[in-house]
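Descriptive structure summary
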Amino acid sequence: MSLIPAFALAAALIAAGVLFTRRAVTLYRLVRMGKPAARFGDVVRRVRAEAVVVVGQSKLLQRVVPGLMHAAIFWGFLVLFPTILIALIGAVDPHSTLPWLGAQGWYALLVDVFAALVLIGVIAAFVIRKVQRPVRFKGSHLGEADLILALIAGIVVTLFTWHASQIALHLNDYPASWAPISNALASRMSGPAIPYVERAAVWAHVLIILSFLVYLPYSKHLHIAVAAINVYFGRTRARGRLEPIDFEKPEQEVRFGSARVTDMTWKQMVDTMSCTECGRCQDVCPAYATGKALSPKLLIMAMRDQLMEEGPKTLTDHSHVPPPIVPNAVTDDVVWDCVTCGACVRECPVGIEHIDHVIDLRRNLVMVESRFPDEAGTMLRDVDRSSNPWGRPGSDRMQWAEGLGLRVLQPGEDAPDVLFWVGCAPAFDERARKAAVSTAKLMLEAGVDFAILGPRESCSGDPARRMGDEYTYQRLAGENVATLNGAGVKKIVTTCPHCFNTIGNEYPDFGGRYEVVHHTDFLAGLVRDGKLNPAADGRTITYHDSCYLARHNDVRSQPRELVAAVGKAVEMPRNRERTFCCGAGGARMWMEEKRGTPINHERVREAAATGADTLAVACPFCTVMLDDGVRETGAKMQVVDLATLLHEAVERRRGQA
Amino acid sequence: MRIAVCIKRVPITGGRILLTEDGRAIDTRHLGFTMSPHEECGVEEAVRLIEANKGESVVLTLGPAESVEQLRDAMALGIDRAIHLQTDGREWDAEGTAAALVEAIRADEAAAGPFDLVFFGNESADSGGFQVGIRVARALGRPCVTGLKKVALDGAGVRCEQDVEGGRDVYVVLLPAVLTVKEGLNLPRYPSVPGKMRARSKPVAVTQPVRPEPRLELVRLSVPAGQGRQAESLGTGAAAAPAVVELLRRAGVL
Amino acid sequence: MNVVVLVERDSEPSRQAMTVARKFGDALHGVTIDEAYPFAPDAWAAVLEQAAEVVGASAVFAAGTERGNEVMARLAARAGLPLAANCTSATPGDPVTVTRQRWGGSLLEEARLRSPRPLITVAPHTVAAEAGPELVEVDVQLLLQRLDPADQLVRVSGHVAPQAGGVSLAAARVVVSGGRGVGSKEGFTIIEELAGLLGAAVGCSRAVTSAGWRPHSDQVGQTGTKVAPEVYIACGISGATQHMAGLKGAKRIIAINSDAQAPLMLNADYTVVGDLKEVVPAISAEIRKLKP
């Protein structure tokens, strides 16, 4: 073994090691500085997520071609990992390699095959980026991506060159026939230069890898270290559940969301470090698609950039106060454009949870700075003082049910089998009313033992929570839980997916544990059990999946059972968990869209393109937004709730009998 | 600078007002509560003046135990402390209310110094007597300007603007003074949650004044019969436009 | 028996107040506010007090206008007497029974007034003015000369002209008003357009001013401006009592709302069920057809 290469390698390793480690330590210390996040339980689910999402590349494969491209590179990287060690050894001594593994033919085969796959993957990536030029890369650092791809290509090309020249020099410990590609390349090599080529190739390989190592923690390629960690620490509880704030702590210790990057939780910091700027989130964002300021990708990138800029300053000087995130890194518009539909979170291959970032920015803006769109302020005041976003008196909550003969649960009475949670929309909005009326009539017909709370309902609190007013939300949640627990309620049916989500997934954090069922699920059950008998007619129905049902809560098939029972179904391209938001989520029902085109118009266009005459909905907000959209675009469709369609179908059967 | 603001807890009514069985009160079981709209502006003005001039602000109310919620709301906006003249829930008339407030204000001034300004709403949303602020000013021997839409400190006095037909009348009086204000004076801020949390622990001094016999005594409430408006339908949607225009023509406004 | 009445010149509410005052005495003595003097409310309260003492008034009345309520409240304070403000009816007796307005008129209160000299203001436009015997004019000038300087400390010292542009809401013959249903500040463009075509003032509900879409000076309602137009067109306003309190004087209310059950729809003279974003421009278009 010659000493010069050994020293040279040692020097290179030390240099690269020091540079890498220093930066890695800074990043680690940043994350340690992050605020707490409870992500250590549910180990089984976390390990499963690693296996499926990281190793199995499941989210990446949601888009087949780019997914396969990346899988090739990623799995290739896993298989080729030991070759780094082999190369390091080989750089010092051309005759040495890793014991045992270095001699395995099967491993040499794997290396050849996967190295080729990586190269194909890189070429595919270049074709996608340079020829196809997908829109989702708008705003991403394309030069950086090109460099990274070139480095990967360099690693693989130098690897093949080294192996080929090794084989040509008979330096290989593994049988050459087991490395077909390298072997074939070797047979084309001849001449006195081969030993130099072999040395050059292995050193080029090692140096590219070491430079890559140093470059890693300064680039978006950091994701190769961080993404797996980010996926491990992802949410394991209900997707629609937000993390509550503990207001019982002394005021200085309460975390009111994020004002500055130093307020972020460690998980949020890791989120920003995981971003590869792939743009899949941007592609599916309804706000971005309709010309708003928000791009989930650019949001995460901006927060990452501010974190990387300001975070290290805080580490070296504890008194350094970073500038506020809003409006310096992220504008107010971006924060309020979000409809919390979750399409971005669903797409993200590295487990970034964009909604949590938006909500934390909103929490600070609303609760500390009182900085939000004026019209939303009216809604917040109304929710706080009148316990509903319409500012109407609680005594008016019964008006929709006049003449229906519904049982109103009085304090002290025994709870019914099912509590029909009406919600604010049907009580105070004339279009949302119909679904509640139909549901009530159907439940009466089916002989369900149910009652409503009437004026004792308060707003579920969802609009306040999604706006970031966690304080008001917790007060309302507490009131409702007290009412529901006091009444001994066990099972709740509701027509509103937002009430459904918050009561079912979020109220348990406040002592309220109930079986909560969406009305489409409940009614589908009644139809299955033969308690309701609809007669389908020839109408063509396209069903709009509500985000809070289909994406946050996996309720997708039951509404479709109802569609099939009442007419002919035709699906929109963006359906089920890929559904496109109506635009009302994230409390945007109460905010005006100030630029671009309206989100609801976009969705109505998609619905109208199916040619269906009926646009079926399962949510009072979707009802209002899509009905507005139909009227404003002049689409020839009727927006009807599934409960109303079912009621009509049941009447039809009765009429036929 | 020391400023006091007087507020009153009132229910938030909607489109219909429901009364209790005996017709002597509004049925508030499912209603939210707030301080009167004019008073919110008074609170905001007081907070702004103290922010600009340093000093102390106090909010007072005569009302049942639950009125402490409105005191906390005022303190969440920035008022420093509160005085709660707690009643047993029965209504007090304007004379009684003013007398109790005067006593509380005098007691506080004896302990902590005179109030440069005392703010009132021009009238309360519910009983609308238009007189409590004026009575308190008279008893304290201070000038009173009412119905104000703009207030500005001006040397040793205060310059006030009151809406009248054709503009605003300007009054200038010396401090200490009593001012009654109207909504539109300012746009009250939205309270921050840290503000609300701090308000929970700000001091509220409670006393229980004795209720004098009211000389204007409520017998019964009633909802006035509609003015006989018939709600005649002119049609639905844009198709009703010609009928509307015809109506406007007949009314002589076109 | 003598009754003293505070009179605002050429004011229908004053004549209405006199109508009720006549029930309390056969001789009405009028203290007419002299507009030549800069208004000083305590001064007029002092004059009223003097006049009442001189004639031994059995009661003192005024209209429940801004001025009327203010002067009478000051009289009540200085005389140490109760005041029943904004009454829709008053019946002499011991005690006097009154019906007065609460919640800007959305609720009525029947009350007993115990006072050696009842002080009452009459809510404007709730009582029909009836002709009656001539008022005896009190020599106000004499009383004004004898005023205590303390009563002139609070006095109008200047005037600010109104903001330029627009028709005054309180005096407008037609008001086109928008509520929450208008949706945004920009949404008011169609309201302004219709108002422009009708030479009308633009009004709004409290929800709109709270949202910052329009200034408070446009607000119609209990804590805003009370209007009395020939026609009041309400677009997308649900009709909380707070708002309705400002509409008592409107001769005709046309309500446009997509919710047929909204309180204002049930309390209007004419209704259009529909989306105001369609209906209002359609009305403007129809008007343009008439006057191109």
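Residues numbered from 1 in each chain as written. Chains lettered and ligands numbered in written order. Predicted model: local features only at pLDDT ≥ 70, side-chain atom pairs only at ≥ 80, totals over all residues. Heavy atoms only, no water.

1. A look at the overall build of chain C
Each helix and strand in chain C was counted, giving nine helices and 14 strands. Taken along the three principal axes of its C-alpha coordinates, chain C extends 65 × 40 × 35 Å. Each of the 292 residues in chain C was classed as buried or not, and the buried ones make up 61%. In chain C, the share of contacts with a sequence separation of at least 24, taken over all contacts with a separation of at least 6, comes to 63%. When the accessible area of chain C is evaluated, it comes to approximately 10900 Å², of which 52% is carbon and sulfur surface. Positive and negative side-chain charges of chain C, numbering 27 and 30 respectively, have mean locations separated by a distance of 4 Å. (Helix = DSSP H or I, 4+ residues; strand = E, 2+ residues; numbered from the N terminus. Buried < 20%, exposed > 50% of the residue type's maximum accessible area, 1.4 Å probe, protein only. Contact = heavy atoms within 4.5 Å. Areas by Shrake-Rupley, 256 points an atom, 1.4 Å probe, with all protein chains shown as cover. Lys, Arg positive; Asp, Glu negative; His and termini not counted. Charge placed at Lys NZ, Arg CZ, Asp CG, Glu CD.)

2. Quick word on the interface of chain B and chain A
Contact with chain B, which involves 22 residues of that partner, is made by 25 residues of chain A. Both sides of the chain B and chain A interface together cover about 2000 Å² of buried area, and 53% of this is carbon and sulfur. Among the residues of chain B in contact with chain A, H30, Y190 and M197 of chain B are the three that bury the most area, contributing 35% of the side total. Across the pair R198 of chain B and E251 of chain A runs a salt bridge whose closest N-O atoms are separated by 3.0 Å. (Buried area = accessible area lost by both parts, 1.4 Å probe. Salt bridge = Lys/Arg side-chain N within 4 Å of Asp/Glu carboxyl O.)

3. Remarks on the pairing of strand 8 (residues 638–641) of chain A
Residue and element names in this part refer to chain A. Bridge count for strand 7 (residues 614–617) against strand 8 is four bridges, and the pairing is parallel. Its bridge partner lying in strand 8, V617 is registered against D641. In this region the chain leaves strand 7, passes through helix 27 (residues 620–633) and returns to the parallel neighbour strand 8; the handedness of that crossover is right-handed. (Pairing = 2+ DSSP bridges. Right-handed = clockwise from strand over helix to strand, strands pointing away.)

4. A word on the nonpolar core
Grouped together as the largest cluster of nonpolar side chains are 138 residues, with contacts concentrated most on W400 and M467 of chain A. The next biggest cluster of nonpolar side chains, apart from the first, holds 90 residues, and it includes V58 of chain B together with A62, A76 and A77 of chain C. (Core = buried A, V, L, I, M, F, W, Y, C linked by side-chain atoms within 4.5 Å.)

5. Let's talk about the domain arrangement of chain C
All names here are of chain C. Parsing chain C into structural domains produces domain 1 (2–152) and domain 2 (174–290). Taking only C-alpha atoms into account, the centre of domain 1 sits 35 Å from that of domain 2. Taken together, the contact pairs four residues of domain 1 with four residues of domain 2. Between domain 1 and domain 2, roughly 400 Å² of surface is buried when both sides are summed, and carbon and sulfur atoms account for 53% of that area. Contact with domain 2 buries area across many residues of domain 1, yet W103, G104 and S106 alone supply 80% of it, more than any other trio. Counting across the domain 1 and domain 2 interface gives zero salt bridges. At the boundary of domain 1 with domain 2, the tally comes to one residue pair in polar contact (both at pLDDT 80 or more). (Domains from an automatic or database assignment. Polar contact = N/O pair within 3.5 Å; in protein donor to acceptor, adjacent residues only side chain to side chain.)

6. Digging into the sheet that holds strand 13 (residues 252–257) of chain C
Pairing in this open sheet of six strands is parallel, and the strands run 13(B)-14(C)-13(C)-12(C)-10(C)-11(C) from one edge to the other. Edge strands, defined here as strands with exactly one partner in the open sheet, are strand 13 (232–236) of chain B together with strand 11 (201–204) of chain C. Across the sheet, the mean angle separating the axes of adjacent strands is 20° when strand polarity is ignored. Each of strand 10 (174–178), strand 11 and strand 12 (231–235) of chain C touches helix 5 (residues 189–198) of chain C; the most contacted strand, strand 10 of chain C, lies at about 175° to it. Docked against the sheet, helix 9 (residues 276–290) of chain C engages strand 12, strand 13 and strand 14 (270–273) of chain C, running at close to 130° with respect to strand 13 of chain C. (Axes fitted to C-alpha atoms, helices over the stretch in contact; angles between N-to-C directions.)

7. Topic: helix 1 (residues 3–33) of chain A
Residues and elements named next belong to chain A. Taking 1.5 Å as the rise per residue, helix 1 with 31 residues should run 45 Å; its terminal C-alpha atoms sit 43 Å apart, in good agreement. Where helix 1 is concerned, the buried positions are P5, A6, L9, A12, A16, R23, L27, L30 and V31. Tucked into the core, helix 1 has its buried residues touching helix 3 (64–92), helix 7 (194–215), helix 9 (266–274) and helix 12 (296–316). (Expected span 1.5 Å × (residues − 1).)

8. Remarks on the packing of aromatic side chains
What characterises a pair of aromatic rings is the spacing of the ring centres plus the angle enclosed by the ring planes. Residues and elements named next belong to chain A. For the coordinates displayed, the defined rule picks out 17 aromatic pairs over all chains. With 6.1 Å between their ring centres and 75° between their planes, F77 and F81 make a pair best called edge-to-face. Taken together, the positions of F77 and F81, both in helix 3 and four residues apart, correspond to about one turn of that helix. Since its relative accessible area comes to 38%, F77 is described here as partly exposed. Ring geometry for W390 versus W590: centroids 5.6 Å apart, planes at 75°, classification edge-to-face. (Phe/Tyr/Trp six-rings, centres within 6.5 Å; stacked < 30°, edge-to-face > 60°.)

9. Some words on unusual backbone geometry
Omega for the peptide link from V326 of chain A to P327 of chain A comes to 5°, which places this bond in the cis form. Take P327 of chain A: it is sitting in helix 13 (residues 325–328). Of note, the amide linkage connecting D94 of chain C to P95 of chain C takes the cis form, showing an omega dihedral of 5°. At D42 of chain A, a residue that is not glycine, the phi angle is positive and equals roughly 55°.

10. Topic: the interface of chain C and chain B
Size of an interface: often given as the accessible area lost when the parts come together. If you look at the interface, chain C gives 90 residues, while chain B gives 80 residues. Taking both partners together, chain C and chain B bury about 6900 Å²; carbon and sulfur atoms supply 56% of that area. Linking E110 of chain C and R220 of chain B is a salt bridge whose minimum nitrogen-to-oxygen distance equals 3.2 Å. The element contributing the most residues to the side of chain C that touches chain B is helix 3 (residues 66–79) of chain C, with nine residues. Across the side of chain C that touches chain B, the residue classes tally to 46 nonpolar, 21 polar and 23 charged. (Nonpolar A, V, L, I, M, F, W, Y, C, P; charged D, E, K, R; others polar.)

11. Some remarks on the sheet that holds strand 5 (residues 96–102) of chain C
The nine strands lie next to each other as 12(B)-6(C)-5(C)-4(C)-7(C)-3(C)-1(C)-2(C)-8(C), forming an open sheet whose pairing is mixed. Only two strands of the sheet have a single partner each, and these edge strands are strand 12 (216–222) of chain B together with strand 8 (136–137) of chain C.

12. Examining the environment of P203 of chain B
All names here are of chain B. With respect to the secondary-structure elements, P203 resides in the loop between helix 5 (193–200) and strand 11 (204–207). Here the alpha-carbon distance between P203 and G63, two residues 140 residues apart in the chain, equals 17 Å. Those residues within four positions of P203 in sequence are excluded, and the remaining contacts are M75, D80, R81 and A82.

13. Brief notes about the state of the cysteines
All names here are of chain A. Counted under the stated rule, the structure contains zero disulfides over all chains. Of the cysteine sulfurs around C275, a residue in no disulfide, the closest is that of C281, at 6.6 Å. On the basis of relative accessible area, C275 is assigned to the buried category, the value being 7%. Free cysteine: C285, not disulfide-bonded; nearest cysteine sulfur from C341 at 6.4 Å. By relative accessible area, C285 is classed as buried at 7%. (Disulfide = S-S within 2.5 Å.)

14. A word on helix 27 of chain A
Residue and element names in this part refer to chain A. With 14 residues, helix 27 extends 20 Å from end C-alpha to end C-alpha; this agrees with the ideal 20 Å at 1.5 Å per step. A large share of helix 27 lies buried, amounting to 11 of its 14 residues. The set of residues buried in helix 27 consists of P620, F621, C622, T623, V624, M625, L626, D627, D628, G629 and V630. Packing partners of the buried residues in helix 27 comprise helix 18 (424–428), helix 19 (430–445), helix 22 (497–506), helix 26 (599–609), strand 7 and strand 8. Just beyond helix 27, the residue with positive phi is G634, at close to 70°.

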